[in-house]
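# Structural overview
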Amino acid sequence: MTETTGTWLTQEAFDRLQAEYDHLVNVKRAEIVKEIDERRQEGDLKENGGYHAARDEQAKMEARIEELRHKLTNAHVGEVEFSGVIAAGTVVSAEVMGRAMKFLVGSREIADGTDLDVFSPESPLGAALIGCKAGDETSYVAPNGKEIAVTVVAAEQFNG
């Protein structure tokens with residue numbers, strides 16, 4: 001997998017997202033359509049707050065369905081073979097601006113249920129670390145324009 005072609009997910013995270021997608025498509029969609037229809041029957045749509053709230057909920061749900069569909073379609077599922085080099089699915093211990101940090105480089109969906117912070121491989125910090133290994137020094141440019149120094153202390157495979 002290359003970092004720009006999809007999201008790495010554990011089988012557990014993939015299954016959790018698939019279940020959410022299936023529920024939204026097969027259950028929630030019908031519920032919201034029914035709710036919109038009931039609110040439409042109440043009369044004047046211009047002043048019908050329930051109707052507009054249901055339509056807003058429908059729009060949010062459809063956006064989430066599209067987000068999940070994209071993630072699931074482009075997901076790379078399974079264990080990442082760890083070679084000591086930081087890639088998606090790596091837990092990194094690093095010193096960032098003199099502060100010790102431990103976080104996952106990957107998708108927030110796979111870290112659900114852990115206390116790890118998550119940085120995507122596309123984030124400035126994640127992108128700077130991809131390809132590094134323990135002992136390497138790198139840096140990235142923060143949103144405020146400052147260059148942030150990073151020293152990789154350790155890297156290990158994420159095991160859920």
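See the structure above.
Residues numbered from 1 in each chain as written. Predicted model: local features only at pLDDT ≥ 70, side-chain atom pairs only at ≥ 80, totals over all residues. Heavy atoms only, no water.

Note on sheets: strands pair through backbone hydrogen bonds, and any given pair is parallel or antiparallel. On the basis of which strands lie adjacent, the open sheet formed by five strands has the order β5-β4-β3-β7-β6 and mixed pairing. The open sheet has two edge strands with one neighbour each: β5 (117-119) and β6 (137-141). Across the sheet, the mean angle from the axis of one strand to that of its neighbour is 45°, orientation sign disregarded. Summarising the sheet, strand β4 (residues 99-105) and β5 pair through three bridges and their orientation is parallel. Pairing of valine 105 across the sheet is with phenylalanine 119, part of β5. (Pairing = 2+ DSSP bridges. Helix = DSSP H or I, 4+ residues; strand = E, 2+ residues; numbered from the N terminus. Axes fitted to C-alpha atoms, helices over the stretch in contact; angles between N-to-C directions.)

We now examine the pattern of salt bridges. One pass over the full model with this rule turns up ten salt bridges. The salt bridge partner of glutamate 42 is arginine 39, with a shortest N-O separation of 2.6 Å. Exposure remark for arginine 39: the relative accessible area of 25% places this residue in the partly exposed category. Across the pair glutamate 67 and arginine 64 runs a salt bridge, and its minimum N-O distance is 2.9 Å. Placement of the pair is glutamate 67 and arginine 64 together in helix α2 (residues 49-73), with a separation of three residues, close to one helical turn. Here the salt bridges share partners, and the residues they tie into one network are Glu20, Arg64, Glu67 and Lys71. (Salt bridge = Lys/Arg side-chain N within 4 Å of Asp/Glu carboxyl O. Buried < 20%, exposed > 50% of the residue type's maximum accessible area, 1.4 Å probe, protein only.)

Helix length check: α2, at 25 residues, gives a terminal C-alpha distance of 36 Å against a target of 36 Å (1.5 Å per residue), a fit within 8%. Tyr51, Ala54, Gln58, Met61, Ile65, Leu68, Lys71 and Leu72 are the residues of α2 that are buried. Contacts from the buried residues of α2 go to α1 (11-40) and β2 (75-77). Capping the start of α2 is the job of one residue whose side-chain oxygen sits 3.3 Å from the backbone nitrogen of glycine 50: asparagine 48. (Expected span 1.5 Å × (residues − 1). Contact = heavy atoms within 4.5 Å. Polar contact = N/O pair within 3.5 Å; in protein donor to acceptor, adjacent residues only side chain to side chain.)

Here we take up the pairing of β4. Pairing analysis gives seven bridges linking strand β3 (residues 90-96) to β4, with the strands arranged antiparallel. Opposite threonine 90, over in β4, you have valine 105 as the bridge partner. Hairpin geometry of β3 and β4 is characterised by an intervening segment of two residues between the two adjacent antiparallel strands and by a positive phi of about 55° at methionine 97.

Moving on, we get to the environment of lysine 133. By secondary structure assignment, the location of lysine 133 is in the loop between α3 (124-129) and β6. The spatial distance from the C-alpha of lysine 133 to the C-alpha of threonine 151 is 9.6 Å, given a sequence separation of 18 residues. Among residues more than four places away in sequence, those in contact with lysine 133 are Gly84, Val85 and Val152.

Before going further, it helps to spend a moment on the nonpolar core. Ranked by size, the top nonpolar core spans 21 residues in total, and within it Leu9, Leu104, Ile110 and Phe158 carry the most contacts. When contributions to this core are tallied by element, the ones reaching two or more residues are β1 (7-9), α1 and α2. Not counting the four nearest positions on each side in its chain, leucine 9 is found in contact with Phe14, Leu17, Ala75, His76, Val77, Gly78, Ser107, Glu109 and Ile110. Ile86, Val96, Cys132 and Ile148 belong to the second-largest nonpolar core, a separate cluster that totals 17 residues. (Core = buried A, V, L, I, M, F, W, Y, C linked by side-chain atoms within 4.5 Å.)

What follows is about α1. An ideal rise of 1.5 Å per residue puts 44 Å on 30 residues; α1 measures up with 42 Å between its terminal C-alpha atoms. A maximum bend of about 40° is found in α1 at lysine 28. Against the buried residues of α1 lie β1, α2 and β2. (Bend = angle between axes of the 7 residues up to and from the residue.)

Bridge count between β3 and strand β7 (residues 147-157): seven bridges; the pairing is antiparallel. Bridging across to β7, valine 91 finds its partner in glutamate 156. Pairing of β6 with β7, which is carried by five bridges, proceeds in the antiparallel orientation. If you follow serine 139 over to β7, its bridge partner there is alanine 149. Counting the residues that bridge the hairpin from β6 to β7 gives five residues, and of these glycine 145 lies at a positive phi of roughly 95°.

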